[in-house]
Amino acid sequence: MTEALIIGIYVFVLAMFVGFEIITKIPPTLHTPLMSGANAVSGITIVGAIIAARTGSAEISSILGLAAIIFATINVVGGFLVTDRMLHMFNQKKKR
Amino acid sequence: MTEALIIGIYVFVLAMFVGFEIITKIPPTLHTPLMSGANAVSGITIVGAIIAARTGSAEISSILGLAAIIFATINVVGGFLVTDRMLHMFNQKKKR
Amino acid sequence: MSATAFSPLVAILYLVSAILFVVGLKGLTRVRTARRGNFLSALAMLLAIVATLVHIEVLSWTWILVGLVVGGVIGAFAAFRIPMTSMPEMVALFNGCGGAASALVALSIVWQSVLERGENPAAVTVTSLLGTSPALTTVISVLIGSVTLTGSIVAFLKLKGWISGKPVLLPGRHVLNLLLLAGSVGGGVYFALSATDPTLQLQLLLGVTVASLVLGVLLVIPIGGADMPVVISLLNSYSGLAAAATGFVLQENVLIISGALVGASGLILTQIMCKAMNRSLANVLFGGFGAEDSGGGAAKDARDYVNVTSYSPEEAVLVLENCESLVVVPGYGLAVAQAQHTVRELADLMAKRGCQVTYGIHPVAGRMPGHMNVLLAEADVPYEQLLEMDTVNPEFRNTDAVLVVGANDVVNPAASKDPASPIFGMPVLDVQEASTVMVIKRSLSPGFAGIKNELFEYDNTMMLFGDAKKILQELVKEFKEIAD
Amino acid sequence: MSATAFSPLVAILYLVSAILFVVGLKGLTRVRTARRGNFLSALAMLLAIVATLVHIEVLSWTWILVGLVVGGVIGAFAAFRIPMTSMPEMVALFNGCGGAASALVALSIVWQSVLERGENPAAVTVTSLLGTSPALTTVISVLIGSVTLTGSIVAFLKLKGWISGKPVLLPGRHVLNLLLLAGSVGGGVYFALSATDPTLQLQLLLGVTVASLVLGVLLVIPIGGADMPVVISLLNSYSGLAAAATGFVLQENVLIISGALVGASGLILTQIMCKAMNRSLANVLFGGFGAEDSGGGAAKDARDYVNVTSYSPEEAVLVLENCESLVVVPGYGLAVAQAQHTVRELADLMAKRGCQVTYGIHPVAGRMPGHMNVLLAEADVPYEQLLEMDTVNPEFRNTDAVLVVGANDVVNPAASKDPASPIFGMPVLDVQEASTVMVIKRSLSPGFAGIKNELFEYDNTMMLFGDAKKILQELVKEFKEIAD
Ligand SMILES: NC(=O)c1ccc[n+]([C@@H]2O[C@H](COP(=O)([O-])OP(=O)(O)OC[C@H]3O[C@@H](n4cnc5c(N)ncnc54)[C@H](OP(=O)(O)O)[C@@H]3O)[C@@H](O)[C@H]2O)c1
Ligand SMILES: NC(=O)c1ccc[n+]([C@@H]2O[C@H](COP(=O)([O-])OP(=O)(O)OC[C@H]3O[C@@H](n4cnc5c(N)ncnc54)[C@H](OP(=O)(O)O)[C@@H]3O)[C@@H](O)[C@H]2O)c1
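Residues numbered from 1 in each chain as written. Chains lettered and ligands numbered in written order. Predicted model: local features only at pLDDT ≥ 70, side-chain atom pairs only at ≥ 80, totals over all residues. Heavy atoms only, no water.

On to the overall build of chain A. Regarding its fold elements, chain A presents four helices and zero strands. Counting from the amino terminus, helix and strand elements in chain A follow one another as α-α-α-α. Rg of the C-alpha trace for chain A: 18 Å, well past the compact-globule value of 12 Å for 96 residues, more than 25% over. In terms of its C-alpha atoms, chain A occupies a principal-axis envelope of roughly 55 × 35 × 15 Å. Counting over 96 residues, chain A shows a buried share of 71%. Counted over contacts in chain A with a minimum sequence separation of 6, partners at least 24 positions apart contribute 63%. Split by element, the accessible area of chain A, about 2,700 Å² in all, is 69% carbon and sulfur. Computing the positive centroid from 7 side-chain charges and the negative centroid from 4, chain A places the two 25 Å apart. (Helix = DSSP H or I, 4+ residues; strand = E, 2+ residues; numbered from the N terminus. Rg over C-alpha atoms; globule rule 2.2 N^0.38 Å. Buried < 20%, exposed > 50% of the residue type's maximum accessible area, 1.4 Å probe, protein only. Contact = heavy atoms within 4.5 Å. Areas by Shrake-Rupley, 256 points an atom, 1.4 Å probe, with all protein chains shown as cover. Lys, Arg positive; Asp, Glu negative; His and termini not counted. Charge placed at Lys NZ, Arg CZ, Asp CG, Glu CD.)

Of the regular secondary structure elements, chain C holds 18 helices and six strands. Counting only residues that meet the buried cut, chain C has 58% of its 484 residues in that class. Considering only residue pairs separated by 6 or more positions, chain C has 78% of its internal contacts joining residues 24 or more positions apart. As displayed, chain C has an accessible area near 18,900 Å², and 62% of this comes from carbon and sulfur atoms. Side-chain charges of chain C comprise 28 positive and 36 negative groups, with the mean position of each set lying 3 Å from the other.

What follows is about the relation of the copies chain A and chain B. Superposing chain A onto chain B takes a rotation of 180° plus a shift of 0.0 Å along the axis, which leaves an RMSD of 0.0 Å. The superposition operator between the copies reduces to a two-fold rotation axis. If distances are taken from each C-alpha of chain A to the rotation axis, the shortest is found for Val18 of chain A, at 2.7 Å. A share of 100% of the interface residues of chain A reappears at the interface of chain B, consistent with the copies meeting face to face through the same patch. (Least-squares fit on C-alpha atoms with pLDDT ≥ 70 in both.)

For the rest of this paragraph, the subject is the interface of chain C and chain A. Taken together, the contact pairs 103 residues of chain C with 85 residues of chain A. In terms of surface lost to chain A, no three residues of chain C exceed Arg35, Met45 and Trp63 of chain C, which account for 9% of the buried area on that side. Along the contact surface separating chain C from chain A lie one salt bridge. One salt bridge in this structure joins Arg35 of chain C and Asp84 of chain A, with 3.0 Å as the shortest N-O distance. At the junction of chain C with chain A, the criterion picks out twelve residue pairs in polar contact (both at pLDDT 80 or more). Contributing elements (two or more residues each) for the side of chain C that touches chain A: α1 (8-27), α2 (34-55), α3 (61-81), α4 (87-115), α9 (228-250), α10 (253-276) and α15 (371-378) of chain C. (Buried area = accessible area lost by both parts, 1.4 Å probe. Salt bridge = Lys/Arg side-chain N within 4 Å of Asp/Glu carboxyl O. Polar contact = N/O pair within 3.5 Å; in protein donor to acceptor, adjacent residues only side chain to side chain.)

What follows covers the packing of α1 of chain C against α10 of chain C. All names here are of chain C. Running from N to C, α1 and α10 point in directions that differ by 15°, and their axes come no closer than 9 Å. Comparing the axis directions of α1 and α10 gives the class roughly parallel. In the packing of α1 onto α10, the handedness of the crossing is right-handed. Residue-level inspection shows Tyr14, Ser17, Ala18, Phe21, Val22 and Leu25 of α1 in contact with α10, the latter providing Val254, Ile257, Ser258, Leu261 and Ser265. (Axes fitted to C-alpha atoms, helices over the stretch in contact; angles between N-to-C directions. Parallel < 35°, antiparallel > 145°, perpendicular 65-115°, else oblique. Left-handed = near helix turned anticlockwise from the far one by under 90°.)

This next bit is on the site of ligand 2. All names here are of chain D. Lining the immediate environment of ligand 2, one finds 29 residues, of which Ala226, Arg367, Asn408, Asp409 and Ser443 sit closest. A distance of 2.9 Å is found between an oxygen atom of ligand 2 and a side-chain nitrogen or oxygen belonging to Lys441. Compared with its free state, where it exposes 910 Å², ligand 2 has 96% of that area covered by protein. It is helix α13 (residues 332-337) that provides the largest number of residues to the shell around ligand 2, a total of four residues. For the shell around ligand 2, a count of residues per class yields 15 nonpolar, nine polar and five charged. (Near = heavy atom within 4 Å. Nonpolar A, V, L, I, M, F, W, Y, C, P; charged D, E, K, R; others polar.)

All names here are of chain C. Taken across its six residues, strand β1 (residues 325-330) has six buried, putting it largely inside the fold. Of the two faces of β1, the one lined by Ser325, Val327 and Val329 and the one lined by Leu326, Val328 and Pro330 are each fully buried. Where β1 lies against strand β4 (residues 401-405), five bridges are found, and the strand directions are parallel. Directly across from Pro330, in β4, lies its bridge partner Val405. (Pairing = 2+ DSSP bridges.)

Before going further, it helps to examine helix α8 (residues 198-220) of chain D. When the terminal C-alpha atoms of α8 of chain D are compared, their 33 Å separation across 23 residues agrees well with the 33 Å that a helix rising 1.5 Å per residue should span. Turning to α8 of chain D, its buried residues are Pro198, Gln201, Leu204, Leu205, Val208, Thr209, Ala211, Ser212, Leu215, Gly216, Leu218 and Val220 of chain D. (Expected span 1.5 Å × (residues − 1).)

All names here are of chain D. Ordered in space as β3-β2-β1-β4-β5-β6, the six strands form an open sheet in which the pairing is parallel. Of all the strands in the sheet, just β3 (386-388) and β6 (461-465) have a single pairing partner and so form its edges. The mean inter-strand angle of the sheet, taken between neighbouring strand axes irrespective of direction, is 25°. Across four bridges, the pairing between strand β1 (residues 325-330) and strand β2 (residues 356-361) is parallel. Residue pairing in the sheet places Val327 in a bridge with Thr358 of β2.

This part is about the site of ligand 1. Residue and element names in this part refer to chain C. Taken together, 29 residues lie around ligand 1, and Ala226, Arg367, Asn408, Asp409 and Ser443 are the ones closest in. One nitrogen or oxygen atom from the side chain of Lys441 is found 2.9 Å from an oxygen atom belonging to ligand 1. At 2.8 Å from an oxygen atom of ligand 1 is found a side-chain nitrogen or oxygen belonging to Ser443. Here ligand 1 loses 96% of its free accessible area of 910 Å² to cover by the protein chains. Looking at which element gives the most residues to the shell around ligand 1, the answer is helix α13 (residues 332-337), with four residues.

Turning next to a positive patch on the surface. Taken together, Lys25 of chain A, Lys25 of chain B, Arg30 of chain C together with Arg30 of chain D make up a surface patch of like positive charges. Within the secondary structure, Lys25 of chain A sits in the loop between α1 (3-22) and α2 (31-41). (Patch = residues over 30% accessible without salt bridge, like charges linked within 9 Å, V, L, I, M, F, W, Y side chains within 5 Å.)

Here it is in structure tokens:
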């Protein structure tokens, strides 16, 4: 095991703890928005997709990268917008 | 800034988040035990003290290291024992 | 990062982005802060993307821009076009995209760093070039990403009704799944540890990919359509873990952190959802709940019921017009009939006559968490009128009438009375305590749990058979006639 | 780690240790799990120590063992010997030890890696040898560690009463503190960034050490003795941050993680404690609360009071023997008089006569959080009889008698009635609602906040002047006589 892997594991474990702790009691109304918001966050893999596609060559790796960018962007853009749409609905109601 | 420093900062920030999140509502009875328990944990600097004193030479660094070990061990041993003593009292009461 | 040189500035930007993700997700757990939380997460994502673009040596912008624009347009279009009530399907699809992206990134890294090297490609393997642990995390990323992709697609199809929502229980499916999993993991480990031949390594990788794609299908197929929200939440957690695995491959902390955040919060949310249905996660995943052969108390049609009294809308209005308090209990049927606007119209008419109208919302009514809230919010029902289960349950004994619109399991008294019932222990709405209970549904067919509901036989229950929207429209019409 | 080669096994052991610290600290926040939590933290520490010993190349065990044994014996001895009621002092001292250790480790690293090198020491500085950021974190560790050390010692002395608990308000202290802080930070930065001359660097480091030691004293001296628990909690947070800084110097993640955990949890706990007193942290640190010149409503003695009626223990017993319900409200005076056993004796006698006895515990009664709980636990008072403020407050109106033993501020009605009062807004126990209030204290001198308490003038208040233990003993004696 390399030092880089170990450090990754440290960071991973700590972030898991943070993830477990911040989600505690959550009202049922927010289950779906949280799900779709978190889902959008998992689109962070877009960073990797950009790195994969950066050569812009016609080689397989770049084509895979392009596909990855498209999929990841759908996930990110769609996810955040859909979440906002849902939450907007609740907020509107509360203001009255 | 070196990569090592940055990684340290990542780990530090994540651990701060964990620390902030795990302490939420805490009954007043536990304020003092938590304080002294956390205090004992900060004695983790004993790891550094051992490293500092490992040469066992008569040089200043080792003497500083020896002093550091003594202080850190007082903190660790005293802290955990005193916390346990306090908590023992509460527990006893509850069992009846 | 393996692909690029270390830059402190970019590392700091990534750190800020990770912090914003934490703060954003935390915000999403409170109604007051949810929207800002989502916004902060989106900002974090933007920051991460910009930092990446600044950081890496982009050799050609074309594909990156094409990818961003195409994906962005599709995503935005989908997000704005779909009706609110199809949210779970949409989230499933988006989630599948995330899984696919993680798997594709890992595959692309393999091609790029090994197969497409200028030197003799036959001489190097992923392991010899990148090291054992990146090779291992690559294959983990591919495995989890692929399972997420096909699992999400199956969930989507089930929710859309394009394939049967019924659990498909293949014989020996547990053994088959175990074999596939063992094959994928074994192949992956062999890929990372022992392969010395690049051709073999490539074959192994493709084998793992195919096996995990199949596994994703087989894992979700045996789960009933109505359990899909739980499955999606779990797959969402997986897509986070896949992103984290990609982060290990690229040695990028921001991916590891955000991926782990999603992984952990997805797991917690899945557990919360299972708890609300009073079932274990294992039961959801492997129980084949809702299949034809589901346990005792199964009911298919009217033959199981005695003493059911059916009423006409006119008769119902005679009761309703004298009510001083009404609780509307919506369920999945409201969504099917798209009757949210009509129910609101009726409620407004009643309120105008001085009746106090509230809505009793069961946490798992409908087919996704918050389903009823979303539906009623779309019809502009005031937020204050929506009462949660714990608030409304003590009120029923003082309520004149309850109007159950397309709900079934969430008002089934067996859940608290009959220990043999499959839903025994799930907290339900005690509508039977009210003076009169009106139930609108099309027939005596069961709800999601596939069991009989003796509420329909109670003496104070009036059944109004028909499509929810049609019945409600008739009620509204009758009411208006009275008013004239 | 700079001092040793990387070892995956040790890194994993450290990770397990860090996880145990998290789980342990979390456990400490619930009564049910607190003891196990403390045990897990101790286990984590043991694991970290063992991993370190296995890992590093120990050239001589003598000093390490001597250090561990000497420190362990002193720590254990102190922990077992001190009475429960001196906990805050003890924690302060332990905390000072932690700060000192962090500072010493940082200093030792400087000596070891720079000054004691075989080569020409004049040619290298900390910065040139270890790099800028380790140099910077070294000086941070020294700074925070030193402030923690002397600050904790002053807190200890104030609590012990060896120096005056009164705030010592030097003129111009804010300016002086700012200068010292600026000097330390400036010196530290210069040390890390620009020094090229090892002699100058050494002088700077010693200068920073001395300045921070002085700063620690000056920061705590102006704070009143009764605010020491808050100060100790804050210093506790600092000692965590010092440990984290040491972790940066050594590039050891387990130190960074545990240090940050303590830093963060200490901050939160400090805030919680300030909130319970309804004061801001800034007010605690810089307000000089409890000084001679403290604002309106200050009261020194009996001249400020009219209409105070003093009773004898015999008269009090006449009232008590007819009570059906009694709430004992203990305060700081109970601790001073060490009257916890006697109060319990009285309560038992009352209970035997059929009176229902409970204790009303204010969250900041006494001089440390949980002070009263610890005290009464020592006297074996059953846990169920201790009621928290929110539980007991609605009960007072139905209570026959309240026995206030050495409490003052926590039963001061001005907190809810008089907006000009310095303690206005702090939630208090509404003892005046009971039929009779008996107050045991030695005189009419004020409590910690230094203000008048008009409760003593109320018509339903009976003052019993004298040392709490003595008065209670007399009450017990009278009671026994009645029983005979
Ligand atoms: N909310 C979630 O997150 C979630 C997730 C997974 C599972 N579930 C499960 O889903 C169930 C939800 O309970 P529920 O009471 O809301 O629904 P349900 O028990 O599934 O019952 C829905 C009822 O609506 C009726 N219906 C369907 N279409 C209709 C229409 N057009 N007009 C009128 N009635 C119609 C159906 O009867 P007819 O066919 O006779 O009309 C059916 O009995 C629970 O068992 C829960 O555990 C919920
Ligand atoms: N608990 C914490 O964590 C904490 C921390 C910081 C500050 N504080 C502050 O401390 C105060 C606590 O309130 P409190 O009501 O418990 O105490 P208090 O307001 O300080 O009053 C204590 C009273 O006990 C009396 N007393 C002292 N020795 C006695 C003896 N031997 N026998 C009988 N009476 C004796 C004193 O009056 P005589 O001199 O007339 O006898 C004094 O008025 C609050 O203001 C709180 O904000 C608490």
